[in-house]
Structures are given as C-alpha cells and as structure tokens.
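The residues making up each chain are set out below.
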Amino acid sequence: MSIAIILSAIFVPACVMLMLSIIQTTGIRENKTMSDENFTVMIPGMVVIIGAMCALMSLTVLLGFTFLSDERPHFIFYVVFGLFLWLGTYLIVKTLNFKVIVKEKKITVFSAFRKPYSFTFGEIVSAVRQIKNQMKSERIVVKTVSGKRLIVESSEISYKRFAKKVQLEVRREYLVGFE
C-alpha cells in the first residue's frame, strides 16, 4: 500500500505538468479565416478532453468504491471526488461556452454562466497585463465604463491578437503593464 502512495506522489504531479504543457502548446492554433480585425478568443479544445477525463475518472472511482467495495467510503472521499467531478464538468462547460468575438472595434463576450454582453474599445477604462510565475503565463484584465470585467489568458487561442488590438485601440493612460 505504501508503494502505491509513493508512486502516486511521483507520477501524478508529472502527469499534471505534462497535461498543462500540452494545453500550452496545442492551444495556440488559430482559425485560417481570422484576421487582426476580426477574430475569436477561445479556450483550446484540449481542455474539454481534460475535463471529460477528470469527470469520467472521478465518477468511475465514486461509483466503483460505493458499489463494489465491502465498506462504504468515508464522507471525505465523497467530498474530494465530488469536487473533481464538478471541476471536470466546469472545464467542459466553460470551454464550450466561453468566447470573445472581436469585430473591428466591437467586443462581444460569451461567458459560461452569464448573459452575453458587448462593448467597444472606447468603453475600456482599464486594461492591465499581468505576468504570473516563472512559466511566463500572462493575462489581460479589462474593465469597462459599465463595470463589466473580462479576463483573457495567454493559453487561449488568439490571445496575442487580442493583446495587440488592446494595445493599439485603448488609450495609453488606461494601459498598465504593456510596453
């Protein structure tokens, strides 16, 4: 039993890092019909696969230990694997529903759990570019006059186009972290 725990402690973080690096490299593919004026920012399709695997594995473990073991698992077991099930479901829903469509000066945001909304680059009152950790992942946090907030991550498709468009269209005094 202790060997299984040690092997899990070694291989699980390695597998997670491998999956994250796959997301980082495969998520940069853009559609051929996109241009610098008309493009869509979206989460890579690989995230759906990861979410489905997470949800399926969690559900399998939950059902397997509940119905195939002699003793019922502890309450904490259900909480932990239930959270993984919800995480996988959230990744699937967010990937399939989230997108930011930029058509010239108009931005339309389709959120996973909110009603779609639109604004123009002229309505942006703050655009902050944040660089996180040693992997140099970055994101842009945009705030509008109406109080809407949009976060675009560097792992998303068309992120560089969005960053360039924000830098060109938003007034300089509203930009933070852009060179």
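Here, the structure is the one placed above.
Residues numbered from 1 in each chain as written. Predicted model: local features only at pLDDT ≥ 70, side-chain atom pairs only at ≥ 80, totals over all residues. Heavy atoms only, no water.

Student: Mind showing me how you'd approach the overall build of the protein chain here?
Tutor: Helix and strand content of the protein chain: four helices and eight strands. Mapped from its N terminus to its C terminus, the protein chain presents α and β elements in the order α-β-α-α-β-β-β-β-β-β-α-β. The 179 residues of the protein chain split such that 32% are buried. Within the protein chain, residue pairs in contact and separated by at least 24 positions form 49% of the contacts whose partners lie at least 6 positions apart. With an accessible surface of roughly 12000 Å², the protein chain has 66% of that area assigned to carbon and sulfur atoms. (Helix = DSSP H or I, 4+ residues; strand = E, 2+ residues; numbered from the N terminus. Buried < 20%, exposed > 50% of the residue type's maximum accessible area, 1.4 Å probe, protein only. Contact = heavy atoms within 4.5 Å. Areas by Shrake-Rupley, 256 points an atom, 1.4 Å probe, with all protein chains shown as cover.)

Student: Where do I start with the nonpolar core in this structure?
Tutor: Generally speaking, a soluble globular protein has its nonpolar side chains buried in company with each other. If you look at the biggest cluster of nonpolar residues, it comprises 26 residues, and the most contacted ones within it are Val100, Ile107, Phe119, Ile124, Leu150, Phe162 and Val166. Top element by residues in this core is helix H4 (residues 159–169). It accounts for four residues. Not counting chain neighbours up to four residues away, the residues in contact with Phe162 comprise Phe39, Val41, Val102, Ile107, Ile140, Val142, Leu150 and Val152. (Core = buried A, V, L, I, M, F, W, Y, C linked by side-chain atoms within 4.5 Å.)

Student: Can you walk me through the sheet that holds strand E7 (residues 149–153) in this structure?
Tutor: The strands making up a sheet associate through hydrogen bonds between their backbones, and the pairing can be parallel or antiparallel. Taken in spatial order, the four strands make up an open sheet running E7-E6-E5-E8, and their pairing is mixed. Every other strand in the sheet has two partners, leaving E7 and strand E8 (175–176) as the edge strands with one partner each. Two strands pair when backbone bridges link them, and strand E6 (residues 137–144) and E7 are joined in this way by five bridges, in the antiparallel orientation. Of the residues in E7, the one forming a bridge with Val142 is Leu150. Sitting on the sheet, H4 is in contact with strand E5 (124–132), E6, E7 and E8, with an inclination near 45° to E6. (Pairing = 2+ DSSP bridges. Axes fitted to C-alpha atoms, helices over the stretch in contact; angles between N-to-C directions.)

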